[in-house]
Amino acid sequence: MALAFVFPGQGSQAVGMGRDLAAAFAPAREVFQEVDEALKQHLSRLMWEGPPEELTLTANAQPALMAVSLAVLRVLVREGGFDLASKVALVAGHSLGEYSALTAAGAFDVPTAARLLRLRGDAMQKATPPGTGAMAALLGAELEQARSICEAAATDPETGAKEIVQAANDNGGGQVVISGHKAAVERAIEAAKAAGVKRAMLLPVSAPFHSALMAPAADAMAEALAETAIATPVVPVVANVTAAKATEPAEIRRLLVEQVTGNVRWRECVAAMAGMGVTRFAEIGAGRVLTGLMKRNAPEAEAGAIGTPTDIEAFLKTL
């Protein structure tokens, strides 16, 4: 039974995440300390005590979610004798989770991933002036329908000016997230409702992620990644923008840059992993968002989350 590890993205953060891991396991405390030192910030204290609005800031949420995922993995390895290279067939992550997946597979070390994600979060936040961009979830829409809605909504009916609005995340199960200029996203919401889409709503995010408006952030990441050593991962990574395996460091570098402005093809990533023989998915880190999506995208596969000491104990018993 082939196993894949998947790693959550933004939106899975919650105050208190990782605290029980740190209390129970020295290897988890090590990871949180490494991240704190790499960022010269008590990020772990923010994760455990809040306030939530500060934890939700992109520059904090991204390294924080990676820290919890890698803390879980290190406990599995050190306390449970788990060997990723021999036990896991593939890894993948949703948006920032791709960095967690790559770090799990040895392409980056934890401090490097923390610094890259801090830079990525800062660059994404600065890419557009506050209030100019937005994201929305279309629930009950498939990708092609969402793209048609975006294409129609991109033109301002009053001025004829073209704005950006595009599919950002194809999460599967009839859930597509769109991203772009705020006015165009709002037009797309109205068009989606008129087209009978079950639910269309703005998301509480601070920038239009995974859209062409993120081009300045992609440039910043290209510069940072050009100076960052990337090792060949011990397990192939299924990349967000191609929904295909990536193993070459140069290709991984290029795909991480493309990912900033590109569509997260999560539905296709899951289908690709299932097509490669994966029958069991384990979500490593905070929350259960991907586990919920897995039930819609690969209903025949087994899916579960590993984020707490109890989860770790239960998972190790299944091996």
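A brief look at the structure comes next. (Residues numbered from 1 in each chain as written. Predicted model: local features only at pLDDT ≥ 70, side-chain atom pairs only at ≥ 80, totals over all residues. Heavy atoms only, no water.)

On to the pairing of strand β9 (residues 278–284). Regular strands place side chains that alternate from one sheet face to the opposite one. The element β9 is extensively covered by neighbouring structure, given that six of its seven residues are classed as buried. For strand β1 (residues 2–7) and β9, the ladder comprises five bridges, and the chain directions are parallel. Looking at the pairing, A4 lines up with F281 of β9. Judged from the five bridges that link them, β9 and strand β10 (residues 302–306) form a sheet pairing that is parallel. Across the sheet, F281 pairs through a bridge with A303, a residue of β10. The β-α-β motif built from β9, the intervening helix α14 (residues 289–297) and the parallel element β10 has right-handed crossover chirality. (Buried < 20%, exposed > 50% of the residue type's maximum accessible area, 1.4 Å probe, protein only. Helix = DSSP H or I, 4+ residues; strand = E, 2+ residues; numbered from the N terminus. Pairing = 2+ DSSP bridges. Right-handed = clockwise from strand over helix to strand, strands pointing away.)

On to empty space enclosed by the protein. Any empty space left between the atoms is revealed when a probe the size of a water molecule rolls over them. Taken as a whole and judged by the stated rule, the model has one cavity of 30 Å³ or more. Quantified by volume, the largest cavity comes out at close to 30 Å³. Contributing to the lining of the largest cavity are E98, L102, V237, A239, A246, I252, L255 and L256. Elements supplying a minimum of two residues to the lining of the largest cavity: α7 (97–104) and α12 (249–261). Of all the elements, α12 adds the most residues to the lining of the largest cavity, at three residues. (1 Å grid on protein atoms, 1.4 Å probe; cavity = no way out; pocket = protein on both sides within 12 Å on 5 of 7 lines; lining within 4 Å. Points joined across faces, edges and corners; volume = space filled by probe spheres on them.)

We now examine the sheet that holds strand β4 (residues 165–172). The strand order across the open sheet built from four strands is β4-β5-β3-β6, with neighbouring strands paired in antiparallel fashion. Edge positions in the sheet fall to β4 and β6 (199–202), since each has one partner strand and no second. The average angle at which neighbouring strand axes cross in this sheet is 20 degrees, direction not considered. As paired strands, strand β3 (residues 133–139) and strand β5 (residues 175–181) are joined by seven bridges and run antiparallel to one another. What sits directly across from L138, in β5, is V176. (Axes fitted to C-alpha atoms, helices over the stretch in contact; angles between N-to-C directions.)

This next bit is on the nonpolar core. By size, the foremost hydrophobic cluster in this structure holds 77 residues, and its most contacted members are F5, F32, M47, V91 and F108. The contact partners of F32, leaving out residues within four places of it in the chain, are G18, A22, S44, M47, W48, A67, V68 and A71. The next biggest cluster of nonpolar side chains, apart from the first, holds 21 residues, and it includes A141, V165, V176 and A184. (Core = buried A, V, L, I, M, F, W, Y, C linked by side-chain atoms within 4.5 Å. Contact = heavy atoms within 4.5 Å.)

Our next topic: the packing of aromatic side chains. A complete count under the given rule lists five aromatic pairs for this structure. Both rings, one in F32 and one in W48, keep their centres 5.4 Å apart while their planes meet at 90 degrees; by these two values the pair is edge-to-face. Placement of the pair is F32 in helix α2 (residues 26–39) and W48 in helix α3 (residues 43–49), with a sequence separation of 16 residues. Comparing F32 with W48 shows no difference in burial state: the two are buried. Taken together, the aromatic side chains of F5, F82 and F315 make up a single cluster linked through ring pairs. (Phe/Tyr/Trp six-rings, centres within 6.5 Å; stacked < 30°, edge-to-face > 60°.)

A pair can form between side chains of opposite charge whenever their charged atoms are brought close. Inspection of every chain in the model, using the stated rule, returns eleven salt bridges. For the salt bridge of R78 with E30, the shortest nitrogen-to-oxygen distance reads 3.0 Å. A residue pair is termed long-range when its members are at least 10 positions apart, and R78 in helix α5 (residues 58–80) and E30 in helix α2 qualify at 48 residues. Assessed through its relative accessible area of 32%, E30 is described here as partly exposed. Residue R74 is joined to E34 by a salt bridge in which the shortest nitrogen-to-oxygen separation is 2.7 Å. In this pair, R74 is assigned in helix α5 and E34 in helix α2, connecting sequence segments 40 residues apart. A network of salt bridges, in which partner residues are shared, links E30, E34, R74 and R78. (Salt bridge = Lys/Arg side-chain N within 4 Å of Asp/Glu carboxyl O.)

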